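Descriptive structure summary
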Amino acid sequence: MNAGQKDAVVLDLTHAGIPVAKEMARLGYNVRAIDVYDTLDDATISDLQTFFPVLSSKDEFKLKSTETVVAPVHLDPDFKVLRIAREKGKPVVTHHKMVGQLINESERLAGQKVIEITGTKAKTSTASLLADIISRKRTVLLHTSRGLEYWKEGIATVIHKGLSIAPGSILMAIEIMEKERLRPDVIIFETSIGGTGCADIGVITSLELDYRIASGTAWASDAKLQMVENAKADSILLISSNAEKAIASTREKNIDTITFSDEADNVANVNVTITGHEVSIRTPNTTIKTTTTEGFDVSAYSIAIAAASAIAISLGVDEEDISETVRDFKGLTGRMKKSELESRILIDNSNSGMDILSVDKALDYALTSEEGKVVIVLGEEAEQVCEGLPPENVLDLLQRRGKMMDKVILVGTRMRDIKYDNAYYVRSLEEGIDTALINSTAGDIILSCVKCFR
């Protein structure tokens, strides 16, 4: 929006558009909001109408000459308001950029170190491991798909569950922090599909396994470059050395950049190599070595360890704190974590960021680390996760490696279209685990690979 311009239309109240519109109204913007998917109930709409007018997607709409459109990056560009704005040459601002603008304008986070993390892989793991490292000396507020946590001296206290990682949820996290009267030294936000520009340190963990958004008209990796495009002038960016177009973008903007890698032969500012449970973190000036515990596949966390270590080093964290935290790290629930469940071995890889490549890795881990029959629970809870697990990818996996599994339990409505001999079809992760228990005995391996929020 241009300086001084205060008229705006906020689109998509389903994906955290409500806190964006509310904060704009609080700061004196003249806001209209549109329920793009018409999912809000009458009570919610009635409540919102006390703050700003709410229109449905079916209402007649005319864009005022002074209005800027505020829309999420994933919205179909053919939605009528976006089409009107395009035809009239009116500006469109992303939810990401508006959130950053509102935070910087209100100065609600002034005096606190803010870190924002995006990427296609390892966002939650990076953020959680980083919070643990930093909290050895400083207090940390951590907002991820796992919830809102307050970290102190390596211990996490859950403050709130249920927030998404859409950019507007950052405003909700700040509001909860203020209500709890917390004033952490460091705040870490996990953000989907881009960065807001509120951070002192911006992070892109990966741009691999790209996918289409906005009804197939754009690439998610390009949207994630908002971490660079929206960056504050005095901020630092930490980027995977494989994210070449992100690095090229930082050069164009002349932003201080630190690279990290989990590949042994890669030239990066911080490089992590893992052999068994031995972890080596190398920089041009030092090498940090440590040994992790048993009970999870540490190689599945290589990107997270590289990214978190690089960020910690950039903050001047003591090497001993990095070494000890990585040594004591036991993995995250739903991210290649091994445990026991009713005398079976449970390898839990069910999380919101799961993809078919991680299913391959989980199967490798199961086959190499344990003996026994493998029962796989595979699929998606599609109603919870926007970017689901494509059924064609699941079918390809079953065709390639199905003979390595003794029982297959497919989760989610879309998986019912997959015809696979003797497969079980269930609705949820919970039902899938129950079915796996029924179809296994003591010593068997249950491999849980369901894309879902937990």
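Conventions used here
Residues numbered from 1 in each chain as written. Predicted model: local features only at pLDDT ≥ 70, side-chain atom pairs only at ≥ 80, totals over all residues. Heavy atoms only, no water. Helix = DSSP H or I, 4+ residues; strand = E, 2+ residues; numbered from the N terminus. Buried < 20%, exposed > 50% of the residue type's maximum accessible area, 1.4 Å probe, protein only. Pairing = 2+ DSSP bridges. Phe/Tyr/Trp six-rings, centres within 6.5 Å; stacked < 30°, edge-to-face > 60°. Lys NZ or Arg CZ within 6 Å of the ring centre and 35° of its normal. Axes fitted to C-alpha atoms, helices over the stretch in contact; angles between N-to-C directions. Contact = heavy atoms within 4.5 Å.

Per an unreviewed UniProt entry, the protein carries the name UDP-N-acetylmuramyl pentapeptide synthase and comes from Methanococcoides alaskense.

Our focus in this paragraph is unusual backbone geometry. Residues other than glycine seldom take positive phi values, yet S343 does so here, at roughly 70°. Residue position: S343 is located in the loop between β19 (337-341) and β20 (344-348). Under the relative-accessibility criterion, S343 is labelled partly exposed at 43%.

Attention now moves to the pairing of strand β6 (residues 113-118). Within β6, 5 of the 6 residues are buried, which leaves it mostly tucked inside the rest of the structure. In this sheet, strand β10 (residues 186-190) lies alongside β6 in parallel orientation, the contact comprising 5 bridges. Looking at β10, one finds that I115 is bridged to I188. Pairing of β6 with strand β11 (residues 201-204), which is carried by 4 bridges, proceeds in the parallel orientation. By the bridge assignment for β11, T118 is matched with I204.

This next bit is on the packing of aromatic side chains. All chains considered together, the criterion is met by 4 aromatic pairs. Between F296 and F329, the aromatic rings sit 5.7 Å apart at their centres with planes inclined by 85°, giving edge-to-face as the arrangement. On the criterion of sequence distance, the pair formed by F296 in the loop between β18 (287-291) and α10 (302-314) and F329 in the loop between α11 (319-328) and β19 is long-range, its members being 33 residues apart. Comparing F296 with F329 shows no difference in burial state: the two are buried. Ring geometry for Y301 and F329: centres 5.1 Å apart, planes at 85°, overall edge-to-face. Within this pair, whereas Y301 is found in the loop between β18 and α10, its partner F329 is found in the loop between α11 and β19, the two being separated by 28 residues in sequence. Each of the two residues, Y301 as well as F329, counts as buried. Ring pairing ties together the aromatic residues F296, Y301 and F329, which thus form one cluster. The ring of Y29 carries the charged tip of K6 above its face, separated from the ring centre by 3.9 Å.

Turning our attention to the sheet that holds strand β3 (residues 54-56). Here 5 strands make up an open sheet; going across it, the order is β3-β2-β1-β4-β5 and the pairing parallel. Edge positions in the sheet fall to β3 and β5 (92-94), since each has one partner strand and no second. Between one strand axis and the next, the sheet turns through 25° on average, direction left out of account. The sheet contact formed by strand β4 (residues 68-71) and β5 spans 3 bridges and is parallel. Within β5, the residue paired with A71 across the bridge is T94. Seen against the sheet, helix α4 (residues 95-106) touches β1 (7-11), β4 and β5 and runs at an angle of roughly 75° to β5.

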